Amino acid sequence: MSKPVTLKKPVQAHGDEVKTLTFREPTGEDIIACGYPLQMSGDGGGSFTPLPGVIAKYIARLAGIPPSSVKALCASDFQACMMEIIPFFADADTSPAPESGA
């Protein structure tokens, strides 16, 4: 789970004012439903471009708020949410840690 994002401008979700969003880790079902939130550039440089429409779907699904609430986010809050979601898709080193010893 990511750290909570405190919204600069709260939004309405499910009839309540929401001031903080916390994102759960995405599942395979989420990836199938939403796709990947980054597109690799075709220049071979290994750079990625965020896909706002896909990221909006992840914000809704992973924070448990309706899409209409995501659309109401101010730009800086959307950006902050995006920065919490992108790391879920970053390559992680899954190799075991080297053992220390003599």
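Presented here is a report on the structure given in the accompanying data block. Within any chain, residue numbers begin from 1 and follow the written order of that chain's sequence. Reporting of local features is limited, given that this is a predicted model, to residues whose pLDDT is at least 70; pairs of side-chain atoms are given and counted only at 80 or more, and all residues count toward the totals for whole chains, interfaces and linings. Side-chain descriptors were evaluated using all non-hydrogen atoms of the structure, hydrogens and water having been removed beforehand.

1. What to know about helix α4 (residues 75-85)
Every buried residue of α4 is listed here: D77, C81, M82, E84 and I85. One face of α4 carries all of its buried residues, which in axial projection span an arc of 160 degrees. Whether two residues touch is decided by their heavy atoms; if any such pair falls within 4.5 Å, the residues are in contact. Strands are runs of DSSP state E lasting at least 2 residues, helices are runs of H or I lasting at least 4, and numbering of each runs from the N terminus. On its buried side, α4 packs onto β1 (5-13), β2 (16-21), β4 (48-50) and α2 (52-63). Each residue is placed in one exposure class: buried if its accessible area under a 1.4 Å probe, protein chains only, is under 20% of its type's maximum, exposed if it is over 50%, and partly exposed if it falls in between. Note: the arc covers the axis-to-C-beta directions of the helix.

2. Focus on the environment of I65
Inspection of the secondary structure puts I65 in the loop between α2 and α3 (67-71). Residue I65 is classed as buried on the basis of its relative accessible area, which comes to 7%. A sequence separation of 51 residues divides I65 from H14, and the C-alpha atoms of the two residues are 7.4 Å apart.

3. Looking at the nonpolar core
Among soluble globular proteins, nonpolar side chains are generally buried collectively. Counting residues in hydrophobic clusters, the biggest one holds 23 residues, and the most contacted among them are L21, F23, I59 and C81. Put simply, the parts of the chain that give this core at least two residues each are β1, β2, α2 and α4. Broken down by element, the residue count for this core peaks at seven residues, all from α2. Take the buried Ala, Val, Leu, Ile, Met, Phe, Trp, Tyr and Cys residues and link them wherever side-chain atoms come within 4.5 Å; each set so joined is a nonpolar core.

4. Thoughts on the packing of aromatic side chains
Here a pair means two rings of Phe, Tyr or Trp (six-membered ring of Trp) with centres within 6.5 Å. Their orientation is stacked below 30 degrees between planes, edge-to-face above 60, and tilted elsewhere. On inspection of all chains with the given rule, the structure shows two aromatic pairs. On the numbers, 5.8 Å between centres and 80 degrees between planes, the contact of Y36 with F89 is edge-to-face. One end of the pair, Y36, is in the loop between α1 (28-34) and β3 (38-40); the other, F89, is in the segment after α4, with 53 residues separating them in the sequence. These aromatic residues form a ring-pair network of at least three members: Y36, Y58 and F89.

5. What about the pattern of salt bridges?
We count a salt bridge whenever a side-chain nitrogen from Lys or Arg sits within 4 Å of a carboxyl oxygen from Asp or Glu. For the structure shown, the criterion picks out four salt bridges. In this structure, E17 and K19 form a salt bridge, with 3.9 Å as the shortest nitrogen-oxygen distance. Overlapping salt bridges, with partners in common, bring together R24, D30 and R61 in one network.

6. Things to note about the pairing of β2
When DSSP finds two or more bridges between two strands, those strands count as paired. Strand direction decides the pairing type here: β1 and β2, joined by five bridges, are antiparallel. Its bridge partner lying in β2, V5 is registered against L21. Once β1 ends, the chain turns through two residues before running back antiparallel as β2, passing H14 with a positive phi of about 55 degrees.

7. Section: the packing of α2 against α4
Angular values range over 0 to 180 degrees, each being the angle between N-to-C directions of two axes fitted as lines to C-alpha atoms, with helices fitted over their stretch in contact. Interaxial distance between α2 and α4 falls to 10 Å at its minimum, and their mutual angle equals 80 degrees. With respect to α4, the axis of α2 lies roughly perpendicular. Judged by residue contacts, P52, I55, A56, Y58, I59 and L62 of α2 engage F78, C81, M82 and I85 from α4. Comment on the angle field: the value is read as roughly parallel under 35 degrees, roughly antiparallel over 145, roughly perpendicular from 65 to 115, and oblique elsewhere.

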